[in-house]
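# Fold and geometry: a report
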Amino acid sequence: MNTIRACFFLVMITVSLQDLWGQACCTGGVPVGSTLGLGTADPKTVQFLLTYDHNVIRDLMDGTTVLEDDARSRLTRSFLMEVNYGIHQRFALTVVLPFVRQERSIREYNNQIGFTRAQGFGDMVFLLKYRILKPQVYPNSEWLVGAGPKIPTGRTDFKNNQGLTMVADMQPGSGSLDGMIWSFYQKSKFLLPTMSLLGIVTYRASGMNHNYNQTQVYQFGNEFQANAGINYNLFVHWPMDVFVFGRYRSQTVDLADGNTFPGSGGKWVYAIPGLSVHFTPDLSIRAWGDFPLYRSLNGSQLTTSYKYSLSLFFNLSRKTKEPVFNLKLDEL
Amino acid sequence: MKNIPKIRTITLFLALSSGCGEPEGPDFRPGGGGSTPRDSQNWLIPEAEVFDGGPGKDGIPALNDPAFVAASEIDYLEDEDLVLGYATEGEARAYPHKILDWHEIINDEVANTSLAVIYCPLTGTGIAWDRMISAGKTTFGVSGLLYNTNVIPYDRLTDTNWSQMRFEAVNGELTGEEPKVISLIETSWATWKEMYPDTKVVSLETDHNRNYRNYPYGDYKSNHNSLLFPVSKTDNRRPAKERVLGVMKGANVKVYPIEHFPDETQLVVDTFQEAPIVIIGNRAANILVALNRRLSDGTVLEFTLAGESNSWQLGDQEGNRWNLFGKAISGPREGESLEAIPQMMGFWFSWAPFFEGIEVYE
């Protein structure tokens, strides 16, 4: 109970500190696919995953060419709370609530920096997850699929200092009802007893914002992400994992009234190294970074230079000794 | 006590995750648009029709006093690429669309003239304004705002926002002031070089890293259905992205679609708002220019083409030769100038939101 009280207390502190934090997600709507990191939960188990993303967007690119230009930069910070509830041995429900802060800095002609920002709750995601593989039959593998909506709970009407509504990718919300598909695969004892193979695939089918600029219809591009990587368990005072993922992301162009919005969409490949520390089976922390390896963008646009993320996992009512990343503590 | 490591962990997480508040320091100012917040309510135009275009103030960097080179020193322009041309006192300069698509405004000095070439890629309209305004000599920048999808420049002396197609200041200290318009000719690079073989042209060395050979707006120029931002009024008589010459007076405009002209130079004698004018058009050469036919002393000129050896000059009944900027370059009236007619090329759709009466030359 003390653990539960401590976690709830700290969650409340987290919520009350929102106004002091810069928290945002990526540009191009509120893509939360990369943060759907929880697997499934045992029945009657509630898991929390709190993630902070710090996305530095200052590479100006034209196609595959980086243009040396530091006049403009964006920073998106997001704080995402992902709650995973085990409904049944095979089913779990995940809810993601983001808080997004978008910042834009432009070096003006007199070298002053013009700063603009918008922050608020983003769009919520609901996923119903299904465990395809029975753990009794496949004790070393986990394969989950999920689907659900992204609800346009985030605001899309933040204004700049002149009282004018900012463009779509500066808003915490997207204004559109989207569909999400998600799949998670993990195989323990992959090549080595302490190594796991993991993969996460997400797809977002974007809906339309029918209230863009009062009279227009805006639609962010559909987004596909595939993550694959290796997780290695080791023990340094606490159980730790080190991991490296590769991520492929593609997004189709945004549409304004059905027509291509210039400078949107593209393909990206990232390297994602990181590590996790498991203080207990109920509590772990994870840190990782996204580093672009390849980018091919439509037109000229600012894109991610790098991103770092911090994640805190805790389990409120753990029924088994299995941590979320299937770390076999008794085998260390 | 066994909870202390968890509390420390979570506290550490929160500390690491906490972001800064607003950036501070004298170099940071609230961004977005040209005017300071206290002027944000005083718009001459409906504020609900002013939109944030996305890049932010100076997010599209205007060029100031760029480098120019001889035509023979560049290879980034094809013959059919469009340029805005200006010539005065023996000096000719070309401001290519390939550069203006990325910067929208070029602040320049030509002979004794300080001008700002202002081009909006979304409405296809290009014009030049005298940089001497009531507050003094200024440069213009891109505010990042749009009115009826048309660029809103701002002047750097007073931070006032101006509407390109309204030809007036619409927000800020100088609201209501009208700029002095300087005539430009929009034509193909090949035609401009033919007119002015010694022309200078903007160099690619702009101090900005851009891929000037790429058009940044995809299929926008040719897609008649694509308007990226709202307009308050539409007119479906012509295809939206058809290039037309708009001759303006007050709330009225008469447009001349370039497609209505043949592939050889034609003179069209016309009247607009009771003023006698002549349109010089050549579709293959991609040029349309309007000139006033009435001189200040009341004489109405009857123009003819000067001949193949001077294909871009006009003759009149008095024996004068005129260039397409309306200046007499030889004859009894040498040195005189016709009163300029406000005009610019642009996409057809861009005129309806700004003008009540639109005539179309058929």
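Treat the numbers as computed from the prediction; the structure is a model and nothing was measured.

Across its full length, chain A holds 1 helix and 18 strands. In chain A, which comprises 332 residues, the proportion classed as buried is 58%. Within chain A, contacts between residues separated by at least 24 positions form 65% of all contacts whose residues are at least 6 apart in sequence. Carbon and sulfur atoms provide 62% of the accessible area of chain A, an area that totals close to 13000 Å².

In this structure the tally under the stated criterion is 27 aromatic pairs over all chains. Ring geometry for Phe261(A) and Phe229(B): centres 6.2 Å apart, planes at 70 degrees, overall edge-to-face. Of the two residues, Phe261(A) sits in the loop between β15 (259-260) and β16 (266-280) while Phe229(B) sits in the loop between β18 (200-202) and β19 (243-249), which places them in two different chains. Each member of the pair Phe261(A) and Phe229(B) is classed as buried. Site record: aromatic cluster; members linked through ring pairs are Tyr212(A), Tyr218(A), Phe220(A), Phe261(A) and Phe229(B). Here Lys57(B) stacks its cationic end above the ring of Tyr154(B), 4.5 Å away from the centre of that ring.

Right, let's talk about the confidence of the model for chain B for a bit. Low pLDDT means the predicted coordinates in that region are not meant to be read closely. Residues and elements named next belong to chain B. Residues at a pLDDT of 70 or more form 88% of chain B, whose mean pLDDT is 90. Ignoring residues within four places in sequence, the model shows residues 1-7, a span with pLDDT below 50, making 7 contacts including any to other chains. ipTM for the predicted complex: 0.83, alongside a pTM of 0.87.

A few words on the side chain of Asp178(A). All names here are of chain A. Mapped onto the elements, Asp 178 comes out in strand β8 (residues 178-187). For Asp 178, a relative accessible area of 5% gives the class buried. A polar contact of 2.8 Å, which involves the side chain of Asp 178, links it to the side chain of Ser 176. Only 2.7 Å separates the side chain of Asp 178 from the backbone nitrogen of Gly 207, close enough to count as a polar contact. Ignoring any residue separated from it by four or fewer positions in sequence, one finds Asp 178 in contact with Gly 148, Pro 149, Lys 150, Arg 204, Ala 205, Ser 206 and Gly 207.

Bringing unusual backbone geometry into the picture now. Residues and elements named next belong to chain B. Here Glu 104, not a glycine, exhibits a phi torsion of approximately 65 degrees, which is positive. One can find Glu 104 in the loop between α2 (97-103) and β7 (105-110). In this structure Glu 104 comes out as buried when scored by relative accessible area, which is 6%.

All names here are of chain B. Of all 8 residues that make up strand β8 (residues 113-120), 8 are buried, and the element is covered over most of its length. Side-chain alternation along β8 places Thr 113, Leu 115, Val 117 and Tyr 119 on one buried face and Ser 114, Ala 116, Ile 118 and Cys 120 on a second face that is also buried. Counting the residues in the hairpin turn of β7 and β8 gives 2 residues, including Ala 111, whose phi is positive at 55 degrees. In textbook terms, the turn of a hairpin is the stretch between consecutive antiparallel strands, and for β8 and strand β9 (residues 125-130) this stretch comprises 4 residues, one of which, Gly 124, has a positive phi near 70 degrees.

This part takes up the sheet that holds strand β16 (residues 181-182) of chain B. All names here are of chain B. If you walk across this open sheet you meet the 5 strands as β3-β7-β8-β9-β16, and the pairing is mixed. Every interior strand has two partners, whereas the edge strands, β3 (63-64) and β16, have only one. In terms of strand pairing, β7 meets β8 through 6 bridges, oriented antiparallel. Along β8, the bridge assignment pairs Ile 105 with Ile 118.

Another aspect to go through is the layout of surface pockets. Residue and element names in this part refer to chain B. Roughly 760 Å³ of internal volume is contained in the largest pocket. Along its surface, the largest pocket is lined by 34 residues, and Tyr 86, Ala 87, Thr 88, Ser 183 and Phe 325 are the ones closest to its centre. For the lining of the largest pocket, the secondary-structure elements that each account for two or more residues are β5 (82-88), β6 (91-96), β16 and β23 (287-292). Here the lining of the largest pocket gets 4 residues from one element, more than from any other, and that element is β23. Its boundaries defined by the atoms lining it, the second largest pocket holds a volume of some 410 Å³. Looking at the second largest pocket, it is lined by 22 residues, and the ones nearest its centre are Pro 61, Ala 62, Asn 64, Asp 207 and His 208.

Bringing the environment of Ser188(A) into the picture now. Inspection of the secondary structure puts Ser188(A) in the loop between β8 and β9 (195-205). The spacing of Ser188(A) and Glu142(A) is 46 residues in sequence and 8.6 Å in space, taken between C-alpha atoms.

With that settled, the discussion passes to the nonpolar core. All names here are of chain B. Within the largest apolar cluster, 60 residues are counted, with the highest numbers of intra-cluster contacts made by Val 50, Leu 122, Tyr 220, Val 255, Trp 351 and Ile 358. Of the residues forming this core, the biggest block, 5 residues, is contributed by strand β12 (residues 140-147). Setting aside chain neighbours within four positions, we find Tyr 220 in contact with Pro 121, Leu 122, Tyr 215, Ser 226, Leu 227, Leu 228, Lys 241, Phe 347 and Phe 349. Val 83, Ala 87, Ala 92 and Ile 185 belong to the second-largest nonpolar core, a separate cluster that totals 49 residues.

Next up on the list: the pairing of strand β22 (residues 275-282) of chain B. Two faces, one strand: in a regular strand the side chains alternate between the faces of the sheet. Residues and elements named next belong to chain B. For β22, a buried count of 7 out of 8 residues is recorded, marking the element as mostly surrounded by other parts of the structure. Once strand β21 (residues 266-272) ends, the chain turns through 2 residues before running back antiparallel as β22, passing Gln 273 with a positive phi of about 50 degrees. Here 6 bridges tie β22 to β23, and the two strands are oriented antiparallel to one another. In the strand pairing of β23, Ile 277 is matched with Asn 292. The turn joining β22 and β23, which pair antiparallel and follow one another in sequence, is formed by 4 residues; a positive phi near 60 degrees is taken by Asn 286.

As a further point, take the confidence of the model for chain A. All names here are of chain A. The predicted model of chain A averages 83 in pLDDT, with 83% of residues at 70 or higher. Across chain A, the secondary-structure element scoring lowest on mean pLDDT is helix α1 (residues 2-16), at 30, and the one scoring highest is strand β17 (residues 283-297), at 95. When the criterion is pLDDT under 50, residues 1-34 qualifies, and its contacts beyond four places in sequence or with other chains add up to 93 contacts.

Under the defined criterion, the tally for this structure stands at 38 salt bridges over all chains. Residue Asp290(A) is joined to Arg247(A) by a salt bridge in which the shortest nitrogen-to-oxygen separation is 2.6 Å. Within this pair, whereas Asp290(A) is found in strand β17, its partner Arg247(A) is found in strand β13 (residues 238-251), the two being separated by 43 residues in sequence. Take Asp290(A) and Arg247(A): they sit in the same class, and that class is buried. The salt bridge partner of Lys57(B) is Asp159(B), with a shortest N-O separation of 3.1 Å. You can see Lys57(B) sitting in the loop between β2 (50-52) and β3 and its partner Asp159(B) sitting in the loop between β13 (150-155) and β14 (161-163), a full 102 residues away along the chain. By relative accessible area, Asp159(B) is classed as buried at 17%. Connected through salt bridges with shared partners, the residues Asp123(A), Lys150(A), Asp178(A), Arg204(A), Glu223(A) and Arg249(A) form a single ionic network.

Conventions used here
Residues numbered from 1 in each chain as written. Chains lettered and ligands numbered in written order. Predicted model: local features only at pLDDT ≥ 70, side-chain atom pairs only at ≥ 80, totals over all residues. Heavy atoms only, no water. Helix = DSSP H or I, 4+ residues; strand = E, 2+ residues; numbered from the N terminus. Buried < 20%, exposed > 50% of the residue type's maximum accessible area, 1.4 Å probe, protein only. Contact = heavy atoms within 4.5 Å. Areas by Shrake-Rupley, 256 points an atom, 1.4 Å probe, with all protein chains shown as cover. Phe/Tyr/Trp six-rings, centres within 6.5 Å; stacked < 30°, edge-to-face > 60°. Lys NZ or Arg CZ within 6 Å of the ring centre and 35° of its normal. pLDDT = per-residue confidence, 0-100. Polar contact = N/O pair within 3.5 Å; in protein donor to acceptor, adjacent residues only side chain to side chain. Pairing = 2+ DSSP bridges. 1 Å grid on protein atoms, 1.4 Å probe; cavity = no way out; pocket = protein on both sides within 12 Å on 5 of 7 lines; lining within 4 Å. Points joined across faces, edges and corners; volume = space filled by probe spheres on them. Core = buried A, V, L, I, M, F, W, Y, C linked by side-chain atoms within 4.5 Å. Salt bridge = Lys/Arg side-chain N within 4 Å of Asp/Glu carboxyl O.

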